[in-house]
Amino acid sequence: MMDDKQSQSGSRQRIDKWLFFARVAKSRSLAQDRVTAGHVSVNGQKVRQVSYQVKPGDRLEIAMPERDLILVVKLPGERRGPYEEAKLLYEDLTPPSEKKPFSPSEPGVRAPGAGRPTKKERRALDDLRGEPDWSAD
């Protein structure tokens, strides 16, 4: 059941609402911020108006902090539903992300000799200093 406002615009929808319904943004205000900041392009042209109307067939390029998304609008959204429902609103043309090269600054990876010594290293230091072995009591 469509109201008069939707029937007048056909299958068009505000871009901020569509991004929210498609689960690209966690909230409508975050979707609006992304659009006004110029991180969204429709059919190759930057869009900065949150009231811009998207329609099926429009190609959206969205610059996200993690990676850039390329989506083609299939349907307007009616509500923010679960992911399975939201992914019916678009076709994802985003190329698969490349594996990032290994970085030693990642959590859980420590350069040799950095940080606290292991038990074995501590015992070797105690032997080097000539300190008594307290565990031999």
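Visitor: Residue-level account of the overall build of the chain, with values.
Guide: Counting its secondary structure elements, the chain contains five helices and seven strands. Listing every helix and strand of the chain by position from the N terminus yields α-β-α-α-β-β-β-β-β-α-β-α. Counting only residues that meet the buried cut, the chain has 26% of its 137 residues in that class. Residue pairs at least 24 apart in sequence account for 43% of intrachain contacts in the chain once pairs closer than 6 positions are excluded. As displayed, the chain offers around 10,500 Å² of accessible surface, 52% of which is attributable to carbon and sulfur atoms.

Visitor: Before we move on, can you summarise the pairing of strand S5 (residues 59-63) with the specific residues and values?
Guide: Only one face of S5 is covered, namely the one carrying Leu-60 and Ile-62; the face carrying Arg-59, Glu-61 and Ala-63 has none of its residues buried. Alignment of strand S2 (residues 40-42) against S5, held across three bridges, turns out to be antiparallel. Considered in S5, the bridge of Val-42 is made with Leu-60. Bridging between S5 and strand S6 (residues 68-73) involves five bridges; their strand directions are antiparallel. In the strand pairing of S6, Glu-61 is matched with Ile-70. In this structure, the hairpin formed by S5 and S6 is closed by a connection of four residues.

Visitor: Run through the side chain of Asp-16, naming residues and quoting values.
Guide: Take Asp-16: it is sitting in helix H2 (residues 15-21). According to the relative accessible area criterion, Asp-16 is buried, its value standing at 0%. Setting aside anything within four residues of it in sequence, one finds Asp-16 in contact with Arg-28, Ala-31, Gln-32 and Val-50.

Visitor: Any details on the pairing of S6? Residues and values, ideally.
Guide: Burial analysis of S6 places five of its six residues in the buried class, which makes it a mostly covered element. Summarising the sheet, S6 and strand S7 (residues 90-92) pair through three bridges and their orientation is antiparallel. Along S7, the bridge assignment pairs Val-72 with Glu-91.

Visitor: Residue-level account of the environment of Leu-60, with values.
Guide: Relative to the assigned elements, Leu-60 resides in strand S5. Here Leu-60 falls in the buried class, since its relative accessible area comes to 0%. Not counting chain neighbours up to four residues away, the residues in contact with Leu-60 comprise Ile-15, Trp-18, Leu-19, Ser-41, Val-42, Val-54, Leu-69, Ile-70, Leu-71 and Val-73.

Visitor: Go over the environment of Ala-22 with me, naming the residues and quoting the values.
Guide: With respect to the helices, strands and loops of the structure, Ala-22 is situated in the loop between H2 and helix H3 (28-36). When its relative accessible area of 3% is taken as the criterion, Ala-22 is described as buried. Spatially, the C-alpha atoms of Ala-22 and Val-73 are 9.5 Å apart, while their sequence positions differ by 51 residues. Residues in contact with Ala-22, not counting those within four places in the same chain, are Ala-86, Leu-89 and Tyr-90.

Basis of the calculations
Residues numbered from 1 in each chain as written. Predicted model: local features only at pLDDT ≥ 70, side-chain atom pairs only at ≥ 80, totals over all residues. Heavy atoms only, no water. Helix = DSSP H or I, 4+ residues; strand = E, 2+ residues; numbered from the N terminus. Buried < 20%, exposed > 50% of the residue type's maximum accessible area, 1.4 Å probe, protein only. Contact = heavy atoms within 4.5 Å. Areas by Shrake-Rupley, 256 points an atom, 1.4 Å probe, with all protein chains shown as cover. Pairing = 2+ DSSP bridges.

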